[in-house]
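# A structural walkthrough
Chain residues, written in single-letter form:
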Amino acid sequence: MLKPVCEKTAVPRYDRLCSHTSLRESVQMQPETRNDAKARATSTYNAAADYFDAPALSFWDRIGQRTVERMSLKVGACVLDACCGSGASAIPAAKAIGPSGRLLGVDLAENLLRLARGKASQLGLTHAEFRLKDIEELDPSTETFDAVICVFGIFFVPDMPSGVRSLWRVLRPGGQLAITTWGPRVLEPGSSAFWSAVRNERPDLYRSFNPWDRINEPPELASMLLEAGVYTDDLLAEAGAQPLSSPEDFWTIAMGSGYRGTIEQLDQETRRRVWQATLDYISKDRVQSVETNAVYAIARKP
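The text that follows walks through the structure, step by step, so that each part is easy to find. (Residues numbered from 1 in each chain as written. Predicted model: local features only at pLDDT ≥ 70, side-chain atom pairs only at ≥ 80, totals over all residues. Heavy atoms only, no water.)

This part covers the overall build of the protein chain. A count of helical and extended segments in the protein chain gives 11 helices and nine strands. Counting all 302 residues of the protein chain, 57% fall into the buried class. Here the analysis covers contacts within the protein chain between residues at least 6 apart in sequence; of these, 82% occur between residues at least 24 apart. (Helix = DSSP H or I, 4+ residues; strand = E, 2+ residues; numbered from the N terminus. Buried < 20%, exposed > 50% of the residue type's maximum accessible area, 1.4 Å probe, protein only. Contact = heavy atoms within 4.5 Å.)

And the structure:
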């Protein structure tokens, strides 16, 4: 199990948490067109960018770093980070390959890309580039890579095997593809507290399922990859926990993650009640941490 590292987090003021205009839809994956699903995820994570790198969400960086460590990237390699977000795996990858290598991070959320560019600039990683791009539009005739990384992103593609095939096509022979996804019980028990509060206020927004639940165990992830024509037996399920220094930390997590799409659909008063009910549950049950279990897969191209 990953050893939790306690971190101090500034307590967010509720009036600040309510200051954003509403989005049309949450990131819940209900039956919809491919473009609708992408628009939903894009708007959610553009909104979540303002909390995405808060200390309470340090699990992004921790799991991104762990993904890169498992790959043992070579100096000078050319690496693609698909669905790179604010750089949780892209920045460690850029450090690992050094200035003689090249790192391209792509994502559909421009606000997250802006954060990634800022980090790379601050660290002097001039060989790292971040581009607004759909992973299903990658063209192997123009760019190929020694390694491809996708952390917490493949499940936002409605047809996951199709998304994997897009990544596999731009991977050079002998290269490696790393897919990291959530394990079971993501952010529990905070997640149950949040969704119970949402159901009480807005049953229509209550989640029907999470897209990552389809691949949250190694056999399920391996099966999905095999459906895409990618075989691997290099899979690892790893337990993790994100410490909460206060109940408010969980609301910070909600604001900087996929829950944000649901929150943005609530009017201010309803949002306040959901906030209060969620924090009351966490406080009453003395919740000290939430689960951040992950499943890692690495496949090597013949």
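A separate point is the sheet that holds strand β4 (residues 145-151). Sheet strands pair by backbone hydrogen bonding; their relative direction is either parallel or antiparallel. With mixed pairing, seven strands are arranged side by side in an open sheet as β3-β2-β1-β4-β5-β9-β6. In this open sheet, the two strands that pair with only one neighbour each are β3 (128-132) and β6 (234-238). Each strand of the sheet is rotated relative to its neighbour by a mean of 15 degrees, with strand direction disregarded. Looking at chain direction, strand β1 (residues 78-82) and β4 are connected through four bridges and run parallel. Directly across from A82, in β4, lies its bridge partner C150. Where helix α6 (residues 160-169) meets the sheet, its contacts fall on β1, β4, β5 (171-182) and β9 (294-300), and the angle it forms with β5 comes to roughly 145 degrees. (Pairing = 2+ DSSP bridges. Axes fitted to C-alpha atoms, helices over the stretch in contact; angles between N-to-C directions.)

The next point concerns helix α7 (residues 190-201). The end-to-end C-alpha distance of α7 is 17 Å, a good match for the 16 Å that 12 residues give at a rise of 1.5 Å each. Residues of α7 that are buried include every one of G190, S191, A193, F194, W195, A197 and V198, and no others. The inward-facing, buried residues of α7 abut α9 (248-255), α10 (260-263), α11 (268-284) and β8 (289-291). (Expected span 1.5 Å × (residues − 1).)

To continue, consider the nonpolar core. If you look at the biggest cluster of nonpolar residues, it comprises 96 residues, and the most contacted ones within it are F130, I154 and L167. Those residues in contact with L167 that lie beyond four places of it in its chain are L80, A82, I135, L138, V148, C150, I154, L177 and I179. (Core = buried A, V, L, I, M, F, W, Y, C linked by side-chain atoms within 4.5 Å.)

Summarising the element assignment, E143 is placed in the loop between β3 and β4. Taking the C-alpha atoms as reference, E143 lies 9.7 Å from L80; in sequence the two are 63 residues apart. Discounting chain neighbours no more than four positions away, the residues touching E143 are R102, L104, R131 and V170. Among the polar contacts made by the side chain of E143, one reaches the side chain of R131 at a distance of 3.2 Å. (Polar contact = N/O pair within 3.5 Å; in protein donor to acceptor, adjacent residues only side chain to side chain.)

Let us now look at α6. Of all 10 residues making up α6, eight are buried, and the element is well covered by its neighbours. Taken together, the buried positions of α6 are occupied by M160, P161, S162, G163, V164, S166, L167 and W168. Where α6 is buried, its residues meet α2 (34-52), β1, β4, β5, α8 (218-227) and β9.

The subject of this paragraph is the side chain of R70. Mapped onto the elements, R70 comes out in helix α3 (residues 59-71). Among the polar contacts made by the side chain of R70, one reaches the side chain of D234 at a distance of 2.6 Å. Those residues in contact with R70 that sit more than four places away from it in its chain are D234, L236, Y296, A297 and I298.

What follows concerns the state of the cysteines. One pass over the full model with this rule turns up zero disulfides. With no disulfide partner, C150 has as its closest neighbouring cysteine sulfur the one in C83, 4.1 Å distant. (Disulfide = S-S within 2.5 Å.)

We now examine the packing of α9 against α11. A pair of packed helices can be characterised by two numbers: the angle between their axes and the separation between those axes. Running from N to C, α9 and α11 cross one another at 130 degrees; their axes reach a closest spacing of 9 Å. Of the possible angle classes, the one that applies to α9 and α11 is oblique. Considering only the axes of α9 and α11, their crossing is right-handed. Here E248, F250 and W251 of α9 lie close against α11, whose contacting residues are R271, V274, W275, T278, L279 and I282. Broken down by class, the residue content of the contact of α9 with α11 amounts to six nonpolar, one polar and two charged. (Parallel < 35°, antiparallel > 145°, perpendicular 65-115°, else oblique. Left-handed = near helix turned anticlockwise from the far one by under 90°. Nonpolar A, V, L, I, M, F, W, Y, C, P; charged D, E, K, R; others polar.)

Our next topic: the packing of aromatic side chains. Enumeration over the complete set of coordinates arrives at 16 aromatic pairs. Both rings, one in F155 and one in F156, keep their centres 4.9 Å apart while their planes meet at 65 degrees; by these two values the pair is edge-to-face. With respect to class, F155 is no different from F156; both count as buried. The interplanar angle of 55 degrees and the centroid separation of 6.2 Å between the aromatic rings of F194 and W251 together place this pair among those described as tilted. With F194 in helix α7 and W251 in helix α9, this residue pair connects regions lying 57 residues apart in the sequence. A relative accessible area of 0% places W251 in the buried class. Among the aromatic side chains, those forming a connected cluster through ring pairs are Y45, F52, F59, W60, F152, F155, F156, W182 and W212. It is R199 that lies over the ring of Y206; its NZ or CZ is 4.7 Å from the centre. (Phe/Tyr/Trp six-rings, centres within 6.5 Å; stacked < 30°, edge-to-face > 60°. Lys NZ or Arg CZ within 6 Å of the ring centre and 35° of its normal.)

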